[in-house]
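# Understanding the architecture of this molecule
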Amino acid sequence: MQLYVCTFTEQWDYEEEKPRLGTIKTGKRRVYLHIYYNDQHCTDDRNRFNHMLDRYEEELQTGKRKREHEGAYAKYFIVHETPARGIAIAYNDKAIREAEKDFGYFALLTNSIKDPVEAIRIYRMRDLIEKSFGNLKERLDMRRMSVSSEENLEGKLFVQFLALELMSYIKRQMEIHDLYRNYTMQEFLDELDTIEYYQQPGRAHHLSEITEKQRKLYEMMGVDVPT
């Protein structure tokens, strides 16, 4: 995977209100615009876009149009329909080229970091932290502590820390094996959640059927398949 970068220096119209003085300070500030190009992201963006166009074209051909896709139909397709010949669909090449020209590009704007490599390193670090806090608050139920003692709070924090470690590991493995093409994190967990564990006191446990797809997911995670 190759990452290319180009940096520009721009001027930012700066404005700051001074409540105590009742004045507004204005001026120009220097900002750094870092433009990045990732060839792998370009390929992924193009594949997703082409898949979307194929899906929309099929909806038009079969007459199964969806209201939320009407804007895309009008933008990327030229549709002619006559009683004699039926429906004829052509691509709007100009609109498609306009969409494709930005594939693989992204930008960061900063008023302090001149080095584009350092800028993206900090951005990725902050993005990881924000997503981790989001996982704690939402998926791991840390929005409300719901504990009655300090000991319970410490125990819950420790369990949540372990859960976050597991989720970080799963996220990384899903990225390595490109599982986000077919699953969200919740869909991945739901796929394995259908496996049921049965045990009666004094007897050996047994599991419900494990499909071949589930076995492959365990292998991708580097975890032994339950037996």
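About the criteria used
Residues numbered from 1 in each chain as written. Predicted model: local features only at pLDDT ≥ 70, side-chain atom pairs only at ≥ 80, totals over all residues. Heavy atoms only, no water. Helix = DSSP H or I, 4+ residues; strand = E, 2+ residues; numbered from the N terminus. Expected span 1.5 Å × (residues − 1). Buried < 20%, exposed > 50% of the residue type's maximum accessible area, 1.4 Å probe, protein only. Pairing = 2+ DSSP bridges. Axes fitted to C-alpha atoms, helices over the stretch in contact; angles between N-to-C directions. Parallel < 35°, antiparallel > 145°, perpendicular 65-115°, else oblique. Left-handed = near helix turned anticlockwise from the far one by under 90°. Contact = heavy atoms within 4.5 Å. Nonpolar A, V, L, I, M, F, W, Y, C, P; charged D, E, K, R; others polar. 1 Å grid on protein atoms, 1.4 Å probe; cavity = no way out; pocket = protein on both sides within 12 Å on 5 of 7 lines; lining within 4 Å. Points joined across faces, edges and corners; volume = space filled by probe spheres on them. Phe/Tyr/Trp six-rings, centres within 6.5 Å; stacked < 30°, edge-to-face > 60°. Lys NZ or Arg CZ within 6 Å of the ring centre and 35° of its normal. Polar contact = N/O pair within 3.5 Å; in protein donor to acceptor, adjacent residues only side chain to side chain. Patch = residues over 30% accessible without salt bridge, like charges linked within 9 Å, V, L, I, M, F, W, Y side chains within 5 Å. Areas by Shrake-Rupley, 256 points an atom, 1.4 Å probe, with all protein chains shown as cover. Salt bridge = Lys/Arg side-chain N within 4 Å of Asp/Glu carboxyl O.

### Considerations on helix H5 (residues 150–176)
Look at H5: 39 Å from first C-alpha to last across 27 residues, which is about the 39 Å you get at 1.5 Å a residue. Residues of H5 that are buried: Lys-156, Gln-160, Leu-164, Met-167, Ile-170, Gln-173 and Met-174. Backbone geometry just downstream of H5 places Asp-178 in the positive-phi region, at approximately 55°.

### Quick look at the sheet that holds strand E1 (residues 3–18)
Pairing in this open sheet of 3 strands is antiparallel, and the strands run E1-E2-E5 from one edge to the other. Only two strands of the sheet have a single partner each, and these edge strands are E1 and strand E5 (105–110). Strand-to-strand twist of the sheet, defined as the mean angle between neighbouring strand axes without regard to direction, takes the value 25°. Taken together, the 16 bridges between E1 and strand E2 (residues 23–38) define a ladder with antiparallel strand orientation. Across the sheet, Asp-13 pairs through a bridge with Lys-28, a residue of E2.

### Points about the packing of helix H1 (residues 39–62) against helix H3 (residues 93–100)
Here H1 crosses H3 at 150°, and the two axes come no closer than 11 Å. Taken together, H1 and H3 sit at an angle that is classed as roughly antiparallel. Helix-helix and strand crossings are classified by hand; for H1 and H3 the assignment is right-handed. Of H3, the residues touching H1 (which contributes Arg-46, Phe-49, Asn-50 and Leu-53) are Ile-96, Ala-99 and Glu-100. Its residues placed into classes, the contact of H1 with H3 shows 4 nonpolar, 1 polar and 2 charged.

### A look at the pairing of strand E3 (residues 77–82)
Where E3 lies against strand E4 (residues 86–91), 6 bridges are found, and the strand directions are antiparallel. Each bridged residue has a counterpart across the sheet, and for His-80 the counterpart in E4 is Ala-88. Joining the antiparallel neighbours E3 and E4 is a turn of 3 residues.

### Considerations on the layout of surface pockets
The space that makes up the second largest pocket amounts to roughly 160 Å³. Every residue along the wall of the second largest pocket is listed here: Leu-108, Leu-109, Thr-110, Ser-112, Ile-113, Ala-119, Ile-122, Tyr-123 and Arg-126. When residues of the lining of the second largest pocket are traced back to their parent elements, those giving at least two are E5 and helix H4 (116–139). It is H4 that provides the largest number of residues to the lining of the second largest pocket, a total of 4 residues. Of the residues belonging to the lining of the second largest pocket, the class tally is 6 nonpolar, 2 polar and 1 charged.

### Examining the packing of aromatic side chains
The full count for this structure, using the stated rule, is 9 aromatic pairs. The interplanar angle of 85° and the centroid separation of 5.8 Å between the aromatic rings of Tyr-56 and Tyr-73 together place this pair among those described as edge-to-face. Pair noted here: Tyr-56 is in helix H1 and Tyr-73 is in helix H2 (residues 70–76), with a separation of 17 residues, a long-range link. Residue Tyr-73 is classed as buried on the basis of its relative accessible area, which comes to 2%. Ring plane angle 85° and centroid distance 6.4 Å describe the contact between Tyr-183 and Phe-188, whose orientation is recorded as edge-to-face. Here Tyr-183 matches Phe-188 in class, with each residue buried. Positioned above the aromatic ring of Tyr-14, the side-chain terminus of Arg-29 is 4.0 Å from the ring centre.

### As for the side chain of His-34
Within the element layout of this structure, His-34 appears in strand E2. Given the relative accessible area of 0%, His-34 is considered buried. Here Thr-7 takes part through its side chain, which lies 2.8 Å from a polar atom of the side chain of His-34. Contacts of His-34, omitting those with residues within four sequence positions, involve Cys-6, Thr-7, Phe-106, Ala-107, Leu-108, Thr-110, Ile-113, Lys-114, Asp-115, Pro-116 and Ala-119.

### Here's the deal with a nonpolar patch on the surface
A cluster of nonpolar side chains, Phe-158, Val-159, Phe-161 and Leu-162, forms an exposed patch at the surface whose accessible area comes to about 400 Å². Among the secondary structure elements, Phe-161 is positioned in helix H5. The class of Phe-161 is partly exposed, set by a relative accessible area of 47%.

Treat this as a map of the structure, not an account of what it does.
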